[in-house]
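What the coordinates show
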Amino acid sequence: MTGLVLRCVGNLCRVLLDGDGGECDALVKGNLRLKGLRSTNPVVVGDRVELQPTREDLEHPYYITAICPRRNYIIRKASNLSKESHILAANIDVALLVVTMIQPETSFTFVDRFLATAEAYDIPVVLLFNKIDLYGEEENRRLAEWQLIYAPLGYPTLSISATEGIGLEEVWPHIAGRIVLLSGHSGVGKSSLINALLPGSSLRTHSISLAHGTGMHTTTYSAMIPLAAERGGGYLIDSPGIKGFGTLEMNEHNAHHYFREFFALSEGCRFNNCTHINEPGCAVLAALERGEIAPSRYVSYLGILGDEEGGKYRPEQ
């Protein structure tokens with residue numbers, strides 16, 4: 001028996017069964033792990049899994065015995081700074097990264113780390129700049145700056161207001177009929193966006209912490225929410241807000257592959273193994289000096305290289 005994982009809380013999952021389309025609760029067997037991957041959550045939302053009856057447990061009638069091969073997943077370093085990873089979701093068609101210029105302010109570093117990880121696993125990303133109804137002159141100036149950085153790299157950049165319903169129709173062509181991961185800092189308006197896209201979902205929303213300008217968690221676990229059939233169907237994966245994004249398995253030899261402009265320029269470097277730090281004849285450094293690469297992107301790249309040096313990464317405060 002096989003099915004699709006809709007929700008996971010600890011070792012208990014809600015699974016949509018193949019065939020009759022019914023749902024059931026299933027427990028993750030304690031010895032279930034993926035080879036070569038130390039993860040805090042071996043089974044995640046979006047996984048396709050194999051199940052078998054437990055027979056002795058009437059409340060939880062199934063065990064998850066195996067995870068089917070994944071097409072992709074979004075992964076980050078576990079927040080406890082151990083060598084373990086935390087997987088946000090699996091088998092994703094597109095990721096929506098919600099970004100805000102204010103209440104709270106999203107950083108370039110966070111966005112670039114998310115984009116690099118998505119690039120590594122071949123997951124398209126759409127940047128949703130939310131809360132534009134709150135922006136003044138300074139926020140609009142910075143918004144235009146961000147769009148000038150990311151739009152030429154091929155990342156769609158949409159300006160929206162979930163609470164005011166601005167720009168939401170532009171979101172639907174990117175999500176209809178797809179498995180969509182919704183991510184971003186706490187407080188950027190993910191729950192408000194879901195409520196606006198899917199009237200009747202009635203997800204809880206919280207205001208911003210005035211003391212720190214940061215969001216308060218309203219989602220405590222990831223869950224798949226069906227998209228309206230009349231809009232093409234699919235699922236939206238609502239994930240908990242995250243402060244920082246520690247990368248895994250990226251180093252000086254491969255990190256530039258996941259920065260689109262670096263990868264394109266690297267063919268012009270004098271050395272095939274150029275790390276784009278201080279080598280002579282580096283095409284990336286030359287482009288940076290000419291102003292053809294955003295300094296913020298290069299700072300993010302150097303930060304990712306530092307992740308491999310003894311766990312230097314710390315979540316943003």
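Residues numbered from 1 in each chain as written. Predicted model: local features only at pLDDT ≥ 70, side-chain atom pairs only at ≥ 80, totals over all residues. Heavy atoms only, no water.

Considering the overall build of the protein
When its secondary structure is counted, the protein shows seven helices and 13 strands. Burial status across the protein gives 51% buried among its 317 residues. Relative to all contacts within the protein whose residues are 6 or more apart in sequence, the contacts with residues 24 or more apart total 64%. (Helix = DSSP H or I, 4+ residues; strand = E, 2+ residues; numbered from the N terminus. Buried < 20%, exposed > 50% of the residue type's maximum accessible area, 1.4 Å probe, protein only. Contact = heavy atoms within 4.5 Å.)

Brief notes about the nonpolar core
Nonpolar side chains tend to gather and get buried jointly when the protein is soluble and globular. With 36 residues, the main nonpolar core has Ile74, Val125, Leu127, Tyr150 and Leu181 as its most contacted residues. Broken down by secondary-structure element, the contributors of at least two residues to this core are strand S1 (2-9), strand S7 (85-90), strand S8 (94-99), helix H1 (108-120), strand S9 (125-129), helix H2 (137-150), strand S11 (178-183) and strand S13 (234-238). Among the elements that take part in this core, H1 stands out by supplying five residues, more than any other. Each of domain 1 (2-67) and domain 2 (88-238) accounts for three or more of the residues forming this core. What Ile74 contacts, discounting residues up to four positions off in sequence, is His86, Ile87, Leu88, Ala89, Ile92, Phe114, Thr117, Ala118, Ile123, Leu181 and Phe245. Ranked by size, the runner-up nonpolar core spans 22 residues in total, among them Leu96, Val171, Val180 and Leu182. (Core = buried A, V, L, I, M, F, W, Y, C linked by side-chain atoms within 4.5 Å. Domains from an automatic or database assignment.)

So, the environment of Leu115
With respect to the secondary-structure elements, Leu115 resides in helix H1. Residue Leu115 is classed as buried on the basis of its relative accessible area of 0%. Taking the C-alpha atoms as reference, Leu115 lies 7.8 Å from Tyr258; in sequence the two are 143 residues apart. When residues no more than four places from it in sequence are discounted, the contact partners of Leu115 are Val125, Leu127, Tyr150, Tyr155 and Arg297.

Description of the side chain of Asn130
Topologically, Asn130 is positioned in the loop between S9 and H2. Of the residues examined, Asn130 reaches a relative accessible area of 2% and is grouped as buried. There is a polar contact of 3.0 Å between the side chain of Asn130 and the backbone nitrogen of Ala162. Not counting the four nearest positions on each side in its chain, Asn130 is found in contact with Val98, Val99, Thr100, Tyr135, Ile160, Ser161, Ala162, Val188 and Gly189. (Polar contact = N/O pair within 3.5 Å; in protein donor to acceptor, adjacent residues only side chain to side chain.)

Notes on the UniProt feature "binding site: Zn(2+)" (unreviewed entry) in the protein
This chain's UniProt record puts "binding site: Zn(2+)" (unreviewed entry) on Cys269, Cys274, His276 and Cys282. Taking relative accessible area as the criterion, Cys269 reaches 8% and is therefore assigned buried. Residue contacts for Cys269: discarding those within four places in its chain leaves Cys274, His276, Gly281, Cys282, Ala283 and Val284. Examined against the element boundaries, His276 turns out to sit in the loop between helix H5 (260-265) and helix H6 (283-289). Assessed through its relative accessible area of 1%, His276 is described here as buried. Apart from residues lying up to four places away in sequence, His276 is in contact with His256, Ser266, Cys269, Cys282, Val284, Leu285, Tyr298 and Tyr301. At a separation of 3.5 Å, a polar atom in the side chain of His276 contacts the main-chain carbonyl oxygen of Cys274. (UniProt positions renumbered as here; feature names shortened; annotations may be inferred.)

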